Amino acid sequence: RKEVEQDPGPFNVPEGATVAFNCTYSNSASQSFFWYRQDCRKEPKLLMSVYSSGNEDGRFTAQLNRASQYISLLIRDSKLSDSATYLCVVGQRTNAGKSTFGDGTTLTVKP
Amino acid sequence: DAGVTQSPTHLIKTRGQHVTLRCSPISGHKSVSWYQQVLGQGPQFIFQYYEKEERGRGNFPDRFSARQFPNYSSELNVNALLLGDSALYLCASSAAGGPTYEQYFGPGTRLTVT
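To keep things clear, this report deals only with the structure shown in the data block.

What counts, and where the lines are drawn
All residue numbers here refer to positions counted from 1 along the written sequence of the relevant chain. Ligands are numbered from 1 and chains lettered from A, in the order in which they are written. For a predicted model such as this one, the threshold for reporting local features is a pLDDT of at least 70, and the threshold for listing and counting side-chain atom pairs is 80 or more; totals across whole chains, interfaces and linings nevertheless cover every residue. Hydrogens and water molecules were not included; the side-chain quantities draw on all heavy atoms of the structure. Using protein atoms alone on a 1 Å grid, points that fit a 1.4 Å probe yet trap it form a cavity, whereas open point sets bounded by protein on both sides within 12 Å along at least five of seven lines form a pocket; residues with an atom within 4 Å of a point count as lining. Grid points are joined across faces, edges and corners, and a volume is the space filled by probe spheres set on the points. Secondary structure elements follow DSSP: runs of H or I no shorter than four residues count as helices, runs of E no shorter than two count as strands, and numbering proceeds from the N terminus. Summary of the burial criterion: residues with accessible area below 20% of their type's maximum are buried, those above 50% are exposed, and those between are partly exposed, where the area comes from a 1.4 Å probe applied to protein chains only. Counting of polar contacts relies on pairs of N or O atoms within 3.5 Å, with two restrictions inside protein: one atom must be capable of donating a hydrogen and the other of accepting it, and residues adjacent in sequence are counted only when both atoms are side-chain atoms. We call two residues in contact when some of their heavy atoms are within 4.5 Å. Disulfides are defined as pairs of cysteine sulfur atoms found within 2.5 Å of each other.

## Notes on empty space enclosed by the protein
All told, the structure shown has one cavity of 30 Å³ or more when counted by the stated rule. Contributing to the lining of the largest cavity are Glu3, Val4, Tyr25, Ser26, Asn27, Ser30, Val90, Gln92 and Thr100 of chain A.

## Observations regarding the side chain of arginine 37 of chain A
All names here are of chain A. If you trace the backbone, arginine 37 turns up in strand β4 (residues 30–38). When its relative accessible area of 17% is taken as the criterion, arginine 37 is described as buried. Within polar-contact distance, the side chain of arginine 37 engages the backbone oxygen of serine 83 at 3.3 Å. Excluding its chain neighbours within four sequence positions, the residues that come into contact with arginine 37 are Glu43, Pro44, Lys45, Leu47, Ser81, Asp82, Ser83, Ala84, Thr85 and Tyr86.

## Notes on the state of the cysteines
Residues and elements named next belong to chain B. This structure, assessed with the given rule, holds two disulfides over all chains. Across the disulfide, cysteine 23 is cross-linked to cysteine 91 (sulfur-sulfur distance 1.8 Å). Judged by the sign of its S-S torsion, about -60°, the cystine formed by cysteine 23 and cysteine 91 is left-handed. One end of the pair, cysteine 23, is in strand β3 (residues 19–24); the other, cysteine 91, is in strand β9 (residues 87–94), with 68 residues separating them in the sequence. You can call cysteine 23 buried: its relative accessible area is 2%.

Right, here's the structure in full:
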């Protein structure tokens, strides 16, 4: 089993749709959580950190559920420019420097 | 402000050769992490360095090594290249060590081993 698992893609949605991605992690010692987006053949770019209380940034909302060991990302009013691969990242308390990425979920927003 | 820079952008090497990849972090950032990304997968953690010391290591063979210099730039070295080492190598910069800090990635070095 992978340490960080994401919804299998791809997600194909029309413009204006709401879409949600989930990510589960296996290590209960995990202490930091992030979402990144990666465009084709480009580097990952930080989308948002995920806090225990949940957080929102415009059309994007991230939630953390420590008891069930998953994080989620909700995108409202999808834009064509949201088309990308979304990567879930989990940082562990042990092995201090290690961050573990999921394999990503691909989103395509269509007109 | 300059972001994370990496060199070279592309590289073609032959099996058995050695390669050195370079990274300069964002000004003021003291930590550099290295990742390997193969097509269809997320980046895999190789190393993190903070204040010139190794802070974390992923599950990579000893053929992979790295170091950080006093100016916080870093090198990733790979010896005895295998075909399976072909990948995008990403460098990420963060303000400090540990997994809680946000990481900012460079454009990567695309390594092809033939």
